[in-house]
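# Examination of the molecular architecture
Here is what each chain is made of, one letter per residue.
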2 protein chains.
Amino acid sequence: MLSRQLSRRGVLLPLLLCASASRALSVSDISSSSSIKPFSIDTLTTPAVIIDKDTIEANVKRMLARSSSYNCILRPHVKTHKTIPGALLQTSNRRSTITVSTLREAEFFLEAGFTDILYAVPIDPSKIIRAAKMARHVHVTVDNIQQVAALINHGAPAPGERWSVVVMVDSGYGRDGVVPSDVEALELARAIDAAECMELFMLYTHAGHSYDVPYGDVEAIVKISEQERDAVVEFKKILKENNVDVENVKTGVGSTPTCSHPPQHLSGVDEMHPGNYFTYDYNQHLIGSCDVEDIACKVLTRVVGHYPKTNKLQIDCGWTGTSAQGKEHNYGCIEGHSELIIENLKQEAGTVTTGDGSAIDFERFPVGTILKILPWHSCASIHQHRKLHVVDGNDMVVDSWDCADGW
Amino acid sequence: MLSRQLSRRGVLLPLLLCASASRALSVSDISSSSSIKPFSIDTLTTPAVIIDKDTIEANVKRMLARSSSYNCILRPHVKTHKTIPGALLQTSNRRSTITVSTLREAEFFLEAGFTDILYAVPIDPSKIIRAAKMARHVHVTVDNIQQVAALINHGAPAPGERWSVVVMVDSGYGRDGVVPSDVEALELARAIDAAECMELFMLYTHAGHSYDVPYGDVEAIVKISEQERDAVVEFKKILKENNVDVENVKTGVGSTPTCSHPPQHLSGVDEMHPGNYFTYDYNQHLIGSCDVEDIACKVLTRVVGHYPKTNKLQIDCGWTGTSAQGKEHNYGCIEGHSELIIENLKQEAGTVTTGDGSAIDFERFPVGTILKILPWHSCASIHQHRKLHVVDGNDMVVDSWDCADGW
């Protein structure tokens, strides 16, 4: 069947290394030979993003084991970090089976030898020529007949090749995707099935609404993870009943909340594609996806000013350093100083005070003191930087990873 | 006096080209010889930032004229755009007298030949060695005796040179700066005055609270612009009365709201340092700093999906493309389509619906349609990009400018 798929699709499939068959890697396994001589975080220019080596290793290992226990391939979303070593860790070095959110990410990982890349945002006509150059290794996503028509209008990505097409399915998020029971959903799949230049690769859903449940309501998240499963399984069943060839069509589900609290079974589901779990963040902690100790991503900042009269510290991290997201939740929290909150962030500076109005012990925080922010949304904080610094348990930087940038 | 200042300061002073003496430049005046062959915005990868040539020229000209009419040097803050051509326009090609918010910006503009650069965030010890290398051309900011002590501890930036020190003054913002009437303010100035390795260059204030007035309350903004003026003028008077040598010490005020609505006079003020006025944005429009037509910065995005059942369009711009700021105000507005609002932005996608619940005319917005977002906060939107595309009145890109990046 593999060879048939290869010849039909023109897409290099993953080597089907089951996650359970491969041991979870450590950072040292994937560090390049040119990796750096360890140095203290004290020498980093702030703001900077550090990620804890031990914590990402544990996060990666846990999700690989979970997907394996559900007999699913883990196709991690790499948009949280956009780094090659991060994606190698997440895929146990298979260099395949990842999800991306931009064509630039697709190019970045393809250049590094990754294959079987799912570009998970609906494609529009302006991106087709660029996507065609990568079509042997990159699946494109549609949820509307206009996108399919644009692909057909372009024709085969190259002579003898076909577009590998993913249909986005709405499992209750209401942002994008087709609703399985809608006639438009069936018509879309039929149009793909009928087109010479494409074939249906996957039915894909992402339950973004799993982020909107009341904090700590794990039961609600489990219900949404059931919705994800049921949406793609049900859609595949409808297609089969309507004579669409779905024998080799995969199904994929995932968001970090739902993959952290999956349902009892994922029968009929082939793949899981969470992303944020790589580092987690303070929002995921409040949602209930992780313990606070699982947050691997921290934004380093330094105290630059003391304001005893207003009971404030100033830090050299603004929204350029950690994004403005989570303002209503004080942008996350400051590790090891639960008494402190970030009151406000401007472009290159922030103000810190106490949550309960008690006086700051200024002597504990002389100008120059490093603080570590556990950010509200790690995807957003990391996106503000071009490099991630990997640190060991002694706050020594053991590697620095480049992030893909742009679109 | 100029030669005395030069010899005392070791800082290359601006050539004291009064803004009124130099004509406002146009984009074509400062475009490099390698500037590009014009091309349509239709060929840009989205999301992308465009800036309207005619609008920035008008914005720049208006602020140069205003500062001149107040007998002030315009020392524009360049953090909104972080581009060399933008700063050349703002300074009428003098390549001096600018304000920056990071050391990376200082280096970027210094490498391009700019001098007399004011680094307007209080310095901490970790940044002193890097700042010392630029001290002939870069003024550093303090508002606390610990920062001064750290500079003294380092000593002169180079043999025969002195630190040119700016004291940040709090004119009511409450984020940073010294309060003129506080004894600590006088002590800080005395410590600078007494130190061999430094001298006092400027008393600087930024009324960040001008952004917090009720929308359209111009009177409140004018009052805050009076506070800015009075704070630095009063502080200089206090210092003089206390025998601090302030003969050559400058005073500077500015934020885009206060510089858009200055007081009746700025007597005793030497410089204005607004920044955002270069492009303005939708927030500045609501504040009352500009008309909507003065907003020069737009984020291009394309329609990628249609969702008639939920009355939504999907666009290929998320918070990576325009930042998550202004969510409560729909992130700004969509030019030419007042019926549409941006409902939500995720990482690489956004949903658009109508503000009044009326049905979207989907036929007007086929997949691939370009929309222009007038962003909530242009500094934040531009910061998400590495390049600004300058467009003429026919939506042709006539130049592309690189932005400084990092810290």
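Residues numbered from 1 in each chain as written. Chains lettered and ligands numbered in written order. Predicted model: local features only at pLDDT ≥ 70, side-chain atom pairs only at ≥ 80, totals over all residues. Heavy atoms only, no water.

### Some remarks on the UniProt feature "domain: D-serine dehydratase-like" (unreviewed entry) in chain A
Which entries qualify depends on this criterion: UniProt positions are given in the numbering used here, feature names are shortened, and annotations may be inferred rather than shown by experiment. Working definition: helices are DSSP H or I runs of at least four residues, strands are E runs of at least two. Numbering for both runs from the N terminus.
Per the UniProt annotation, the sites labelled "domain: D-serine dehydratase-like" (unreviewed entry) are residues 296-392 of chain A. Annotation note: span residues 296-392 of chain A, helix share 10%, strand share 41%, distance between end C-alpha atoms 11 Å.

### With respect to the relation of the copies chain B and chain A
The following threshold applies: To superpose the copies, least squares is applied to the C-alpha atoms of every residue with a pLDDT of at least 70 in both. Contacts are assigned to residue pairs that have any heavy atoms within 4.5 Å of one another.
Between the two copies, chain B and chain A, the superposition gives an RMSD of 0.0 Å; the rotation angle is 180 degrees and the shift along the axis is 0.0 Å. Between the two chains, the operation in question is that of a two-fold axis. A symmetric contact is evident, with 100% of the interface residues of chain B recurring at the interface of chain A.

### A word on the interface of chain B and chain A
Defined as follows: Buried area adds together the accessible area that both of two parts lose upon being put together, with accessible area traced by a 1.4 Å probe. A pairing counts as a salt bridge when a side-chain nitrogen of Lys or Arg comes within 4 Å of a carboxyl oxygen of Asp or Glu. Counting of polar contacts relies on pairs of N or O atoms within 3.5 Å, with two restrictions inside protein: one atom must be capable of donating a hydrogen and the other of accepting it, and residues adjacent in sequence are counted only when both atoms are side-chain atoms. Basically, the charged four are Asp, Glu, Lys and Arg, the nonpolar ten are Ala, Val, Leu, Ile, Met, Phe, Trp, Tyr, Cys and Pro, and anything else, Gly included, counts as polar.
Facing 59 residues of chain B, the contacting portion of chain A comprises 59 residues. Interface area for chain B against chain A, summed over the two sides, is near 4,600 Å², with a carbon-plus-sulfur share of 51%. Seen at the junction of chain B and chain A, the total is eight salt bridges. K82(B) is the partner of E348(A) in a salt bridge, and the nearest nitrogen-oxygen pair spans 3.9 Å. Between chain B and chain A we count 25 residue pairs in polar contact (both at pLDDT 80 or more) in total. Residue assignment for the side of chain B that touches chain A shows that the elements contributing at least two residues are β5 (115-122), α7 (145-154), β11 (297-307), β12 (312-315), α12 (319-322) and α13 (378-383) of chain B. Looking at the side of chain B that touches chain A, the element that brings in the most residues is β11(B), giving six residues. Of the residues contributing to the side of chain B that touches chain A, the split by class is 17 nonpolar, 24 polar and 18 charged.

### Some words on the domain arrangement of chain A
Residue and element names in this part refer to chain A. Formally: In this document the domain limits rely on a domain assignment from an automatic tool or a database.
Domain parsing of chain A yields domain 1 (2-15 + 53-281) and domain 2 (292-402). Centre-to-centre, using C-alpha coordinates, domain 1 lies 34 Å away from domain 2. Each partner contributes to the interface: domain 1 provides 20 residues, whereas domain 2 provides 19 residues. On the domain 1 side of the contact with domain 2, K53, T279 and D281 bury the most area, a combined 33% of that side's loss. On the surface where domain 1 and domain 2 come into contact, there are one salt bridge.

### Concerning the sheet that holds strand β4 (residues 96-100) of chain A
All names here are of chain A. What counts, and what does not: Two strands make a pair as long as DSSP finds a minimum of two bridges between them.
Ordered in space as β3-β10-β9-β8-β7-β6-β5-β4, the eight strands form an open sheet in which the pairing is parallel. In the strand order of this sheet, the two ends are held by β3 (73-74) and β4, each with one partner. In the sheet, strand β8 (residues 198-205) pairs with strand β9 (residues 250-253) via three bridges, with the strands oriented parallel. Residue pairing across strands places Y204 opposite G252, the latter belonging to β9.

### Re the sheet that holds strand β9 (residues 250-253) of chain B
Residue and element names in this part refer to chain B. Reading across the sheet, the eight strands line up as β3-β10-β9-β8-β7-β6-β5-β4 and stay open at both edges, with parallel pairing between neighbours. The strands lining the two open edges of the sheet, one partner per strand, are β3 (73-74) and β4 (96-100). Pairing geometry for β5 and strand β6 (residues 138-142), over three bridges, is parallel. Bridge assignment links L118 to a residue of β6, and that residue is H139.

### What to know about the packing of aromatic side chains
For any pair of aromatic rings, the description consists of the separation of the ring centres together with the inter-plane angle of the planes. In plain terms, the rule: Two aromatic rings, drawn from Phe, Tyr or Trp (for Trp, its six-membered ring), form a pair once their centres lie within 6.5 Å of each other, and the interplanar angle then sorts them: stacked below 30 degrees, edge-to-face above 60, tilted otherwise. Exposure is judged per residue with a 1.4 Å probe applied to protein chains only, and the accessible area is read against the type maximum: over 50% gives exposed, under 20% gives buried, and values in between give partly exposed. Working rule: Lys NZ or Arg CZ, within 6 Å of ring centre, within 35 degrees of ring normal, means a charge sits over the ring.
In this structure the tally under the stated criterion is four aromatic pairs over all chains. Between F108(A) and F109(A) the ring centres are 5.3 Å apart and the planes differ by 85 degrees, which places this aromatic pair in the edge-to-face class. Across the pair, exposure class does not vary: F108(A) and F109(A) are buried alike. An angle of 85 degrees between the planes, with centres 5.4 Å apart, marks the rings of F109(A) and F114(A) as edge-to-face. Just as F109(A) is buried, F114(A) falls in that class too. What links up through ring pairs into an aromatic cluster is the set F108(A), F109(A) and F114(A). Over the ring of Y211(B) we find K346(A), and its NZ or CZ is 5.4 Å from the ring centre.

### Quick look at the confidence of the model for chain A
How we decide: One confidence number per residue, pLDDT, is output by the predictor and ranges from 0 to 100.
The predicted model of chain A has a mean per-residue pLDDT of 93, with 93% of residues at 70 or higher. Segment residues 1-21 of chain A: pLDDT under 50, and 42 contacts once partners within four positions in sequence are set aside and those in other chains are kept.

### Considering the environment of F201(B)
Residues and elements named next belong to chain B. Examined against the element boundaries, F201 turns out to sit in strand β8 (residues 198-205). By relative accessible area, which is 0% here, F201 ends up buried. Residues F201 and W163 lie 38 residues apart in sequence; the distance between their C-alpha atoms is 9.1 Å.

### Topic: helix α9 (residues 218-241) of chain A
Defined as follows: Here the expected span of a helix is defined as 1.5 Å times the quantity of residues minus one.
With 24 residues, α9(A) extends 34 Å between its outermost C-alpha atoms, agreeing within 8% with the 34 Å of an ideal straight helix rising 1.5 Å per residue. Looking only at α9(A), the buried set comprises A220(A), I221(A), I224(A), S225(A), E228(A), R229(A), A231(A), V232(A), F235(A), I238(A) and L239(A).

### Digging into α7(B)
Residues and elements named next belong to chain B. The following threshold applies: Throughout, the arc means that of the directions going from the helix axis to the C-beta atoms.
Every buried residue of α7 is listed here: Q147, V148, A150 and L151. The arc that holds the buried residues of α7, viewed along the axis, is 160 degrees, so those residues lie on one side. Two to three positions downstream of the cap, the backbone nitrogen of Q146 sits 2.7 Å from a side-chain oxygen, assigning the N-cap of α7 to N144. One or two positions beyond α7, positive phi appears at G155, with a value near 90 degrees.

### Here we look at the pairing of β5(B)
All names here are of chain B. Test applied: Throughout, right-handed denotes a crossover for which the path from the first strand over the helix to the second runs clockwise when the strands point away from the viewer.
Burial within β5 is extensive, with eight of its eight residues counted as buried. Here β4 runs beside β5; their pairing, made up of four bridges, is parallel. Directly across from S96, in β5, lies its bridge partner T115. Handedness of the β4-helix α5 (residues 103-111)-β5 crossover: right-handed.

### A look at the pairing of strand β11 (residues 297-307) of chain A
Residue and element names in this part refer to chain A. Along β11, 11 of the 11 residues are buried, which leaves the element largely enclosed by surrounding structure. Where strand β2 (residues 48-52) lies against β11, four bridges are found, and the strand directions are antiparallel. The residue bridging V49 from the neighbouring strand is V299, located in β11. Taken together, the four bridges between β11 and strand β16 (residues 370-375) define a ladder with antiparallel strand orientation.

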